[in-house]
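# Chain and residue survey
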Amino acid sequence: MPSAEDFEQVRKATEDLIQVNVREIFQVQYGEETLIDGDLTVTLKTAYDDAGLYEVYVVQAVDNDGVDIKEAISITKGTGSFVVASSCAGTLRWTSCLKMPYFNFWS
């Protein structure tokens, strides 16, 4: 009879497989950038087909003093990059993903 450890290993392997598939079908990308006073262009690892098909989410944006500046930055999307307009220097943690999942039935 399988032990509790066996069930835990199967559960963890299944969870990992689901996470990989979710990241792939939504083409999730993420990163951390150093903000400058002005515009900063962030180049995506993989370009999306259309700027309207994905969203960029700000996970964390803080200035050099640790003050939250999420509401003070603006993002303009392109297909292979996005531009972050900031009024001060700091750090930005971001993630991007497709609005609708992309399924490739040939692979």
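Preceding this paragraph is the structure being described.
Below is a summary of the structure that appears in this document. Every chain's residues receive numbers from 1 upward, in the order its sequence appears when written. Selection of residues for local features in this predicted model requires a pLDDT of at least 70, selection of side-chain atom pairs for listing and counting requires 80 or more, and totals for whole chains, interfaces and linings are taken over all residues. Heavy atoms throughout the structure, all of them, feed into the side-chain values; hydrogens and water do not.

### Topic: the pattern of salt bridges
Where we set the bar: Whenever a carboxyl oxygen of Asp or Glu lies within 4 Å of a side-chain nitrogen of Lys or Arg, that contact is scored as a salt bridge. We count a stretch as a helix when DSSP gives it H or I for four or more residues in a row; a strand needs E for two or more, and each element gets its number in order from the N terminus. Exposed residues in this analysis have more than 50% of their type's maximum accessible area, buried residues have under 20%, and partly exposed residues fall in between, with area computed by a 1.4 Å probe over protein chains only.
According to the stated counting rule, one finds 6 salt bridges in the structure shown. For the salt bridge of Asp-16 with Lys-12, the shortest nitrogen-to-oxygen distance reads 3.2 Å. With Asp-16 and Lys-12 both in helix 1 (residues 4-25), this residue pair falls 4 residues apart, about one helical turn. Accessibility expressed as a relative area gives 38% for Lys-12, which makes it partly exposed. The salt bridge involving Glu-55 is made with Lys-77; its shortest N-O contact spans 3.6 Å.

### Comments concerning the pairing of strand 4 (residues 74-77)
Put simply, the test is: DSSP calls a pair of strands paired once it identifies at least 2 bridges connecting them.
Direction of pairing for strand 4 relative to strand 5 (residues 81-86): antiparallel, over a ladder of 4 bridges. If you follow Thr-76 over to strand 5, its bridge partner there is Val-83. Hairpin connection of strand 4 to strand 5: 3 residues between the antiparallel strands.

### Details of the side chain of Asp-63
Condition: Asp and Glu count as negative and Lys and Arg as positive, but His and the ends of the chain are not part of the count. In the analysis that follows, any N or O atom pair within 3.5 Å is treated as a polar contact, provided that within protein one partner can donate a hydrogen and the other can accept it, and provided that, for residues neighboring in sequence, both atoms belong to side chains. Any two residues whose heavy atoms approach within 4.5 Å at even a single point are treated as in contact.
Along the chain, the position of Asp-63 falls in strand 3 (residues 54-63). Within the buried set, Asp-63 has no salt-bridge partner at all; the shortest N-O distance to an opposite charge, 14 Å, is to Lys-70. Of the polar contacts made by the side chain of Asp-63, one reaches the backbone nitrogen of Asp-65; its length is 3.0 Å. Polar contacts involving the side chain of Asp-63 include one to the main-chain amide nitrogen of Val-67, which spans 2.8 Å. Filtering out sequence-adjacent residues up to four positions away, Asp-63 remains in contact with Ile-69, Cys-88, Ala-89 and Gly-90.

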